[in-house]
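Here's the letter readout for the chains.
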Amino acid sequence: MTCTIVVAIGHNGVIGRDGDLPWPPTGDLAHFKALTMGHPLVMGRTTFESIGRPLPGRTSIVLTRDPTWNADGVEVAGDLAAALARAAELDDDVFLVGGAQVYAEALGAGLVDRMVVTHVHQSPDGDAWFPDVDWKAWTETSREAHDGYDIATYDRLPHDPT
């Protein structure tokens, strides 16, 4: 299974404000749809609630510690391991789409193989930040420049146990 983070990040590391994006929509939403269509999406409850609905053509697996929480059209997992196990049953590609806690846990546990990052050319105020990344462990494999943002793909470098 390939585990890919998809995220939009401002120059200052901000990814969210008040449960929403801290900038007007960019053209990366079409890219997001094309990239993730047909694949499972893993996200935190707050991220799901900010979207407001399951995204068509994709299975949404929502992480929550609340065993009574549910929403129509989504699957619920109590932790990241359970969510990824379920995603692996569905497809060889899974996309982590937020929020900050999900990104931090997955990166910290070494579960992420790829990151598709929209680098937004702004430094907005916010209350959610992308976690610190050891960029020496990643290689940029592609970058597309757009008006106001770039979309870059980073692959994890093979781990050298020596």
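All values derive from a computational prediction rather than experimental measurement.

1. Focus: the nonpolar core
Most often, soluble globular proteins have nonpolar side chains that are buried together. Of all hydrophobic cores here, the largest spans 28 residues; its most connected members are Ile5, Val42, Leu96, Met115 and Phe130. Of all elements in the fold, only β1 (2-10), β4 (60-63), α3 (80-90), β6 (93-96), α4 (100-108), β7 (114-120) and β10 (149-156) reach the threshold of two or more residues within this core. Once residues within four sequence positions are removed from consideration, Met115 is found in contact with Thr4, Ile5, Leu107, Phe130, Val133, Trp135, Trp138, Ala152, Thr153 and Tyr154.

2. Some words on unusual backbone geometry
The amide bond that connects Gly98 to the next residue, Gly99, takes the cis arrangement and shows omega of -5°. If you trace the backbone, Gly99 turns up in the loop between β6 and α4. One non-glycine residue, Asp18, adopts positive backbone phi at about 55°. Among the secondary structure elements, Asp18 is positioned in the loop between β2 (14-16) and α1 (28-36). On the accessibility criterion, Asp18 (66% relative accessible area) is exposed.

3. Quick word on the pairing of strand β3 (residues 41-44)
Burial along β3 is two-sided: the residues Leu41 and Met43 and Val42 and Gly44 are all buried. Pairing of β3 with β4 involves 4 bridges; the strand directions are parallel. Each residue of the ladder has a partner; that of Gly44, found in β4, is Leu63. A crossover connection joins β3 to the parallel β4 through helix α2 (residues 45-51); in handedness this β-α-β unit is right-handed. Where β3 and β6 come together, 2 bridges link them in parallel fashion. Residue pairing in the sheet places Val42 in a bridge with Leu96 of β6.

4. Regarding the layout of surface pockets
In this approach a probe as big as a water molecule rolls over the atoms, and the regions it shows empty are the leftover space. Considering only enclosed or pocket space, the largest pocket measures out at about 1300 Å³ in volume. Taken together, 43 residues line the largest pocket, and the ones lying closest to its centre are Thr47, Ser50, Val97, Gly98 and Gly99. Elements represented by at least two residues in the lining of the largest pocket include exactly β1, β2, α1, α2 and α4. Here the lining of the largest pocket is built from residues that sort into 19 nonpolar, 13 polar and 11 charged.

5. A word on the sheet that holds β1
Backbone-to-backbone hydrogen bonds pair the strands of a sheet. The strands run either parallel or antiparallel. What the 8 strands build is an open sheet, ordered β5-β4-β3-β6-β1-β7-β10-β9; its pairing is mixed. The open sheet has two edge strands with one neighbour each: β5 (74-77) and β9 (138-146). Neighbour-to-neighbour, the strand axes of the sheet open up by a mean angle of 25°, direction not taken into account. Contacts between α1 and the sheet are confined to β1, β3, β6, β7 and β10, with β1 contributing the most and set at about 175° to the helix.

The rules behind each value
- Residues numbered from 1 in each chain as written.
- Predicted model: local features only at pLDDT ≥ 70, side-chain atom pairs only at ≥ 80, totals over all residues.
- Heavy atoms only, no water.
- Core = buried A, V, L, I, M, F, W, Y, C linked by side-chain atoms within 4.5 Å.
- Buried < 20%, exposed > 50% of the residue type's maximum accessible area, 1.4 Å probe, protein only.
- Helix = DSSP H or I, 4+ residues; strand = E, 2+ residues; numbered from the N terminus.
- Contact = heavy atoms within 4.5 Å.
- Pairing = 2+ DSSP bridges.
- Right-handed = clockwise from strand over helix to strand, strands pointing away.
- 1 Å grid on protein atoms, 1.4 Å probe; cavity = no way out; pocket = protein on both sides within 12 Å on 5 of 7 lines; lining within 4 Å.
- Points joined across faces, edges and corners; volume = space filled by probe spheres on them.
- Nonpolar A, V, L, I, M, F, W, Y, C, P; charged D, E, K, R; others polar.
- Axes fitted to C-alpha atoms, helices over the stretch in contact; angles between N-to-C directions.

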